[in-house]
Amino acid sequence: MPLMAVSSPPFSFPSTRNLRRAITTAAASSASDDFDYPLADPSIRWPHLRFPHLPAPRFPVADTAPPPTPVRPSCEGEPAKDSSAPSASAAAVVEPLDARAHRARVKKLSKLALRQARDWRERVSELADRLLALPPGAPVAEVLDEAWVSPDELAYVMRAVGASSWRRALDAFEWLVASGTAGPGPRVVAVVLGVLGRARQGDLAEEVFLRFVGEGATVQVFNAMMGVYARSGRFDDVRQLLDAMRGQGIEPDLVSFNTLINARAKSGSLAPGAAFDLLLEVRQAGLRPDVITYNTLISACSQGSILDDAVAVFQDMIDSQCRPDLWTYNAMVSVHGRCGTAQEAERMFMELLEKGFKPDAVTYNSLLYAFAKEGDVDAVERVCEELLKAGFNKDGITYNTMIHMYGKMGRLDLALGLYDEMRAIGCTPDAVTYTVLIDSLGKMDRITDAGKVLEEMADAGLKPTLVTFSALICAYAKGGRRDEAERTFDRMVASGVKPDRLAYLVMLDIIARSGETKKLMLLHRTMMKDGYVPDATLYQVMLSALAKGNECEEIEGVMQDMEVVCQMNPQLVYSILIKAECISQGATLLKKACLQGHEPDSKSLLSILDAYETTGKHEECLSLLQCIREHVPSSHNLISECSIMLLCKKKKITAAIQEYDSMQTLKCGSFGRDYNLYEHLITCLEEAEFFPESSQVFCDMQFIGIKPSQKIYESMISTYCKLGFPETAHQLMDEAVHSGIWLNTLSSSVTIIEAYGKTRLWQHAENFVKGLKQESGVDRRIWNALIHAYAESGFYEHARAVFDTMIKKGPVPTVDSVNGMMRALIIDGRLNELYVIVQELQDMGFKISKSTVILMLEAFAKAGDVFEVMKIYNGMKEAGYLPNMHMYRSMISLLCRNKRFRDVELMVEEMEGAGFKPDLAILNTLLLMYTGNGDFDKTVELYHSILEAGLEPDEDTYNTLIIMYSRDLRPEEGFTLLNEMGKRGLTPRLESYKSLLAASGKAKLWEQGEQLFQEIRSKGYRLNRSLYHTMMKMYRDSCNHSKAEQLLAEMKEDSIEPTIATMHILMTSYGTAGHPDEAEKVLNSLKSSSLEVSTLPYSTVFDAYLKNGEYNLGITKLMEMKTDGVKPDHQVWTCFIRAASLCERTDDTILLLNSLRDCGFDLPIRLLTERTSSLLTEADNFLKELEALEDSAALNFVNALEDLLWAFERRSTASYIFQLAVNRSIYHHNVFRVIEKDWGADVRKLSAGAALTALTLWLDHMQDASLQGSPESPKSIVLVTGEGEYNMVSLRKTIRAYLLEMGSPFLPCRTRSGRFVAKSYSLKMWLKDSPFCMDLELKDAPALPKMNSMKLTEGYFMRAGLVSTFKDIHGKLGEVWPKKFSRLALLSEESRAEVIKADIQGRKEKLDRMKKQGVVMSKKSKKGTRRAKFVREQSTQAVLK
């Protein structure tokens, strides 16, 4: 009688029709998912052990104590049930104690009962064998009719038969249903449901359950059906059955809830917290969770990698005094391994050993997987050894885990070696083994080998799985081998393996790239037939390919499918079309949606507008915008957002951020609610390196509450790293991971580690890498980034440890790894160890790359080690490494810093010979070198070569030239270059402004200097005190004390507090302007302030009174200083000596020097009035004391003393003092020199008296050399005076007046100011023949003259008796030759007047004759070079020519 013919009473419970599911759903689960409780029981898994520490079981185990053979009653009623017979619940519950020991405690069977039990087993086994021996199609009644079995006995027979044939078990059930008037008992129904469930016959099980659920159904029947659903992961159906059970008044037991938990675990990954919800549900039902409940929950957490829930459930298990078993610990080791906490997994392993459990193969494989996931090769090998020592062999899971680990590390040689070893020991590779090998080979681009592995898999009789085929197809797709991918796909289909969505997606992508649209559409239809409905991604791929092939009809067909078949809304359809670049169709649909009142999304609208903008379809663009404005009321914000995103796509960042700021200011309604706006804006700002603006936009987005996307997270991680906030970037990365957003973890991790390194937070970088190691292993780029992070802090040992780890465990170090290790030594300053490391690396087989050599060269170059740099450079050339531009730039910079002029020029020549043209950076370095050396002619020449080479001068070029002209006291040209920089949009450096301002003051360009200072202030430069001091000195020199006062007020406004030096300059300006009383007021103000007043401001007041001729007041102020408790020092002595040298009358000089003597310093008056040898010794000792003071103390004192001695004709003493100053290095030893082919003098930084002393001594030495003929002279002899002034006295003009008086052949240099040049022959003749050179020996006058022999006139010194003569000659004749001037100066006034008159008359007559003869003479301009203001426009080229 067929099963479906049996009538059944009506039965209904909620959603009965939902119990129907497709057979394919049940078939999708593998046999490994069997829901089998007895496997969890230690007493069953290890029957030879006893577990006295476990609690007694709540239920007896049915299979171990079967009831005696029942006697079939004569009536057809339900037979009496034996109390010892097994129940469905007993069959499902495990026994945690040793079975025999427990049975002895529960009941002691008699010998008769034991004999009956043994007979019962034999009977059940015999009936099962007879049923299985029946030929196909034979009825089971042939065996069962004559056996007289009871329903309970038949249940055991059905269970035994069902293990081999579910059909025969179902036939036996049908026989029982047809044989009696009453239906089968609940136990039989439960048994047949269990048999059908194990056989994956879910539909038949549903039929049986629905048919007999109303006939006295018990909890066992419901549990059995729930078990059927649980095997297939049908959690909702299990939940419905649980509710239906309660609806019938049947209370679920612990097995029911354990089955529910198992179903939830197999239905998919648990959500965080779901495990505790299920546990709470068990407790709310009044049940106490047992070990199976906890084990099932922990296993479910392990499958979903929910570590926190697993640990919490395990702790709850301990707290509830439910003792864990080996299954529990295996699950805990597994979950820790899956979640990347290998150390915790090992701790759980050690804990199970301490509890007395013996690990099995599952335990070792779980621990092995934990270490393999971290890539810890040593730990994996150690666990393998322990597994073998425990008596287990490596199984397929062991080998698969290790092969996968080595495959991920890129060590395919070891993976393939394990594969060979696996086959050699007789362990047959399974589908997982081959799949892992194929995947690893494919990822390493060994695609041919991957194909061979698939063939080996087929030869071994294994059917490739879907994952196997998919891995090989992806490998072929990655390698661009379309034909092989298609053949593999066809083979997969032919072998009966149904492609999944990924396989279709990969194939569609491959075919789409090939442009075969017909094949693409055919594959699409096949996918639809297989039950896979295309999603937006697939449609985008298809439409993109169709758009490229211009298949408009096909596109229209796909659009219709999307709207009609897939029921997609119009917004989604046009969004997909636009992404696939079907702009025309997408725009049409978008406009249609707008007409219906739908607001378009910004991303789609932006893509259309961008496409229209690119193709020049401006009318279509305007028409679309007009349609949106008319039919979408809230379109203003949308259009603004799209305009911002469009500006971002066009890289118009400034305009985009301005538009964004304006909309933010207006606070327009819903503006800024679309994450696409922020994604475009933040990404573009990050790419354009607008990092602060990017951070601000991100903060605005977070304030509104918009969740960041993947691109936003990645851009902001990069932004914060570049801003120097790696901790914030790390926090963002964790936030993205916890939010389930997939990031390019490798790239972001490398960026964060590098940022940690640059900010010297290497500990954070180290901890970050440890976290990555626990999660998914460490990539080579991560290791390299960590090495460089250590290198930034100079921790070579840490970097070397990482390098050694890479060598030992993989991946293999690269050149970047080596360079990071070398950089650590360089930053730590251990350059001497670089060669040692190079040797070690070469011994290890590493080839030193060119980049490593360049790194070493740059390190030595930065350290200024020219010898090592040249050695490395020559070694590179010998090794065949051709230098690059960067190397030449580094070496030339080093040589320039060391002023190796000849080597620099040779290097430039070699560079040009190698085919490299010096770039602007190199030429700027040369400019700086020549400027620093004072070779201004070479600087100008080099600048011309820059222009001739077609290079555009940059800021460095102009700044160097401005400094050069400023040092050469040619500020006019500097101002011209400053104007040129302004025209080109270049920014001068503050140093250039300072140099030009100082040069303006020295050249007395007061107006231009003042305008320049105001320009500096207006441009927002941060002015320091020295710049204000420079400007105050300019006002001091121009005697403009009122502006100096105003500048002091401005200085205070700029929050720069004046110092003693500042007040000194102000006081000096008062003194220069002839207002000593004002200077004294400043001094009194200083004395009343909290500042400590030194002798400097007092000296300034003294100098002001003395320059004004008020000598008595100056002396009075000196006495007041002593009264104030300030002891006079060298500054006071220098001030009074300088004033004494300027006095016209000797009496005034003596008065001033006596005042010094009264203060305890009598050296100056004694040098002037006495002639004892001890004086020179005292002077030398005093100079020695001054050497220990500030740098210019001794120089200023000696200069003032030299002026005094020269002015009052104590010139022999002046020469001795001069020699003492040279010996003490106060004056440079090379002030003048007469050596072989080098006769010259440089009297810069000397006072007028010292310079005249040096000049006379020099002339004396040259006279001796001329007479003796040795040393040989050069062709031209140069005297350098400079253009500077010392104490308002021009040294150049002073020397010029002295040379004119002597009629010397020295003439001003035409090309360089501040220099006098004489031809060697002319100078020698003059030294021999001139009456002025008859006696050049410096001598002291027999007595002090009554008047000063020198006079200060027009800013320079001249012999007092020559002043009127000089003015007379120059006033009538202008500039004359020195020889002519000396002759005229020696004449009397009457004779000189006649000679001058005759000279003028002769010139006039000569001019008249030339006019009569028609000779035209070019007139020389009497005007000097006009001093140009800096506002004058003049080309740089014209200036430099």
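Treat the numbers as computed from the prediction; the structure is a model and nothing was measured.

A. Structural detail: the overall build of the protein. Tallying secondary structure elements over the protein gives 75 helices and 9 strands in all. Out of the 1441 residues belonging to the protein, those deemed buried represent 50%. Element-wise, carbon and sulfur atoms account for 52% of the exposed surface of the protein, whose accessible area totals about 69200 Å².

B. Structural context of the side chain of Q1263. Within the secondary structure, Q1263 is located in helix 69 (residues 1248-1268). Residue Q1263 is classed as buried on the basis of its relative accessible area of 11%. Of the polar contacts made by the side chain of Q1263, one reaches the backbone oxygen of L1327; its length is 2.9 Å. If we skip the residues at most four places from it in the chain, Q1263 touches L1327, C1333 and L1336.

C. Layout of the packing of helix 59 (residues 1060-1072) against helix 60 (residues 1076-1088). Put simply, helix 59 and helix 60 touch, their axes get as near as 7 Å, and they point 160° apart. Considering the angle they form, helix 59 stands roughly antiparallel to helix 60. Note that helix 59 runs across helix 60; the crossing there is right-handed. In this structure, helix 59 contributes I1060, M1063, L1066, M1067 and Y1070 to the contact, and helix 60 contributes P1076, E1078, A1079, V1082, L1083 and L1086. Of the residues in the contact of helix 59 with helix 60, the class split is 10 nonpolar, no polar and 1 charged.

D. Structural context of helix 43 (residues 780-792). With 13 residues, helix 43 should cover 18 Å at 1.5 Å per step; its first-to-last C-alpha distance of 19 Å lies within 8% of that length. With respect to burial, helix 43 is a largely interior element, 10 of its 13 residues being buried. The N-terminus of helix 43 is capped by D779, whose side-chain oxygen sits 2.9 Å from the backbone nitrogen of R781. With its phi angle positive at about 75°, G794 sits one or two positions after the end of helix 43.

E. Broad picture of the pairing of strand 7 (residues 1315-1319). Side-chain alternation along strand 7 places F1316 and A1318 on a buried face and R1315, V1317 and K1319 on a face that remains uncovered. Two elements, strand 3 (residues 1276-1280) and strand 7, share 5 bridges in a ladder whose sense is antiparallel. Among the inter-strand pairings, V1278 is bridged to a residue of strand 7, identified as V1317. Alignment of strand 6 (residues 1307-1308) against strand 7, held across 2 bridges, turns out to be antiparallel. Along strand 7, the bridge assignment pairs L1307 with V1317.

F. A look at unusual backbone geometry. Cis geometry is adopted by the peptide bond preceding P1271, which originates at S1270 and carries an omega value of 0°. If you trace the backbone, P1271 turns up in the loop between helix 69 and strand 3. Notably, R200 is not glycine yet its phi reads approximately 65°, a positive angle. By secondary structure assignment, the location of R200 is in the loop between helix 9 (186-198) and helix 10 (202-212). Of note in this structure, L969 is not a glycine but carries a positive phi near 55°.

Cut-off values and rules
- The numbers attached to residues start from 1 for each chain and follow its sequence in the written order.
- It should be noted that, the model being predicted, local features are given only for residues of pLDDT at least 70 and side-chain atom pairs only at 80 or more, the latter also being counted only at that level, while totals for whole chains, interfaces and linings use all residues.
- Hydrogens and water are ignored here; the side-chain numbers use all heavy atoms of the structure.
- Helix and strand assignments come from DSSP, with helices taken as H or I runs of at least 4 residues and strands as E runs of at least 2, each series counted from the N terminus.
- Exposed residues in this analysis have more than 50% of their type's maximum accessible area, buried residues have under 20%, and partly exposed residues fall in between, with area computed by a 1.4 Å probe over protein chains only.
- Computed by Shrake-Rupley with a 1.4 Å probe, the accessible areas treat only the displayed protein chains as cover when residues are assessed.
- Counting of polar contacts relies on pairs of N or O atoms within 3.5 Å, with two restrictions inside protein: one atom must be capable of donating a hydrogen and the other of accepting it, and residues adjacent in sequence are counted only when both atoms are side-chain atoms.
- Whether two residues are in contact is decided by their heavy atoms, any of which lying within 4.5 Å being enough.
- Fitted lines through C-alpha atoms serve as axes, helices being fitted only where they are in contact, and the angles separating the N-to-C directions of these axes extend from 0 to 180 degrees.
- Working rule for angles: under 35 degrees goes down as roughly parallel, over 145 as roughly antiparallel, 65 to 115 as roughly perpendicular, anything else as oblique.
- Definitions for this section: a left-handed crossing has its near helix turned counterclockwise from the far helix by less than a right angle. A right-handed crossing has that turn clockwise.
- Only Asp, Glu, Lys and Arg are considered charged in this grouping, and only Ala, Val, Leu, Ile, Met, Phe, Trp, Tyr, Cys and Pro are considered nonpolar; every other residue, Gly among them, is considered polar.
- Take the residue count of a helix, subtract one, and multiply by 1.5 Å to get its expected span.
- Strand pairing follows a simple DSSP-based rule, namely that at least 2 bridges must link the two strands.

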